[in-house]
Amino acid sequence: MITDSRNLFSSLSLALWVLCGMTLFAAEPALLTAKVTAIQQSRDAIVGLRADFSRLLQTAGISQAFLPESVAILDADGQSLPVRVTPEQGIYRVSWAVPGAARKEDYGRVADYTLLFGTAPSKNPAPQLQDEENLVFNGNFRQLNSDGQPLGISAAQLQKDFQLVEGPTGNKALALQSDTEKKCAYRSQWVYCPAGSLVEYRIKYKISGAVAHHYQTVIYSYVNYRDQDGKFLSRQGALSNRRTDSDGWQEYLITLPLPAGATSTNFEFNSGSSVPGSVIIGEVKINSTAIPEISTAATAGGEIMSLIARGSNIYRYDLGTATSPVMDGFTALHPDIKYTAENKC
């Protein structure tokens, strides 16, 4: 069979034109950036933020759907940090790992990071985050060193005061070795939170065959505070228990405002039982309840997109306490601010 070469070349040209056209006119993956901040701790921590990524993309005129796999958070050196993205109340929550400060003088200082998100998988992939948000490093005692000891606990203290045992949900736990001669205490690392913020302390513990001895109690605990110079402030009493058994793992939760002048806090868990190993601590979590929400982002061309309407006749007042952080785009409300017809919220 003889084929007309003109028809063959015309068909090939048409096919190539269609393929090239598809390539040229296909929507390029969109990418937006935002600045995020976190308070530096003495050790690695896991914090969270919220963002309505879909609305931010729409505000930028991008019709393509947001892709959770596009999210990445970069440090100052451009290194990707472990993240986890989960839907939450119609938007998204991003949990991410914040590296511990390299210098002691940076403890409690705010550091800047870059959030990337868009419509295509990230070009900066990072390990998937496994642990939950917690300012306390290795608060579930899961991470062990080569000797099988939990990171963050000194070998000397482990040998003197604790025994490593099985904890809740496959993690490890510390059995406090108090007896008739000595009481034992676990003290979490000091963590830094925004001034005046609400702080949540969540403790998992178990009591098995305990006998109240020291101070006629089995468990007594405190929330401790320090100021910016490391001076101890008045502490707050917390969990107290005189029971012999707890019927398995229990969870204790207390939420307290960071007192005026306090910059750091920790949780102190004491065993007063005369029976070694009868009081076990399975997890310690300390988190600030103030979760930042991303409301602005920048396009590749540097244009700032915001979910907050702005204008000379728009005023927003933050009704938080005098020492609490002021939300982005808002002004702290104070007695000098008066209502007028021209100055409306």
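Residues numbered from 1 in each chain as written. Predicted model: local features only at pLDDT ≥ 70, side-chain atom pairs only at ≥ 80, totals over all residues. Heavy atoms only, no water.

J.: Please explain the sheet that holds strand E5 (residues 91–98) as it appears in this structure.
T.: Two strands in a sheet stick together by hydrogen bonds in their backbones, pointing the same way (parallel) or opposite ways (antiparallel). The four strands are arranged E4-E5-E2-E17 in an open sheet whose pairing can be described as mixed. The sheet terminates laterally at strand E4 (83–88) and strand E17 (293–294), the two strands that pair on one side only. Of the pairings in the sheet, the one linking strand E2 (residues 45–51) to E17 comprises two bridges and is parallel in character. Residue pairing across strands places Ala51 opposite Ile294, the latter belonging to E17. (Pairing = 2+ DSSP bridges. Helix = DSSP H or I, 4+ residues; strand = E, 2+ residues; numbered from the N terminus.)

J.: Sorry if this is basic, but what is going on with unusual backbone geometry here?
T.: Phi is mostly negative for residues that are not glycine, and the peptide bonds are mostly trans. At Phe141, a position not held by glycine, the phi torsion is positive, near 60°. Residue placement: Phe141 occurs in the loop between strand E6 (110–118) and helix H3 (155–161). Overall, the relative accessible area of 1% leaves Phe141 in the buried class. Phi is positive for Tyr215, close to 55°, though the residue is something other than glycine. Position of Tyr215 relative to the elements: it lies in the loop between strand E11 (198–207) and strand E12 (219–226). The exposed category is assigned to Tyr215, whose relative accessible area is 58%. (Buried < 20%, exposed > 50% of the residue type's maximum accessible area, 1.4 Å probe, protein only.)

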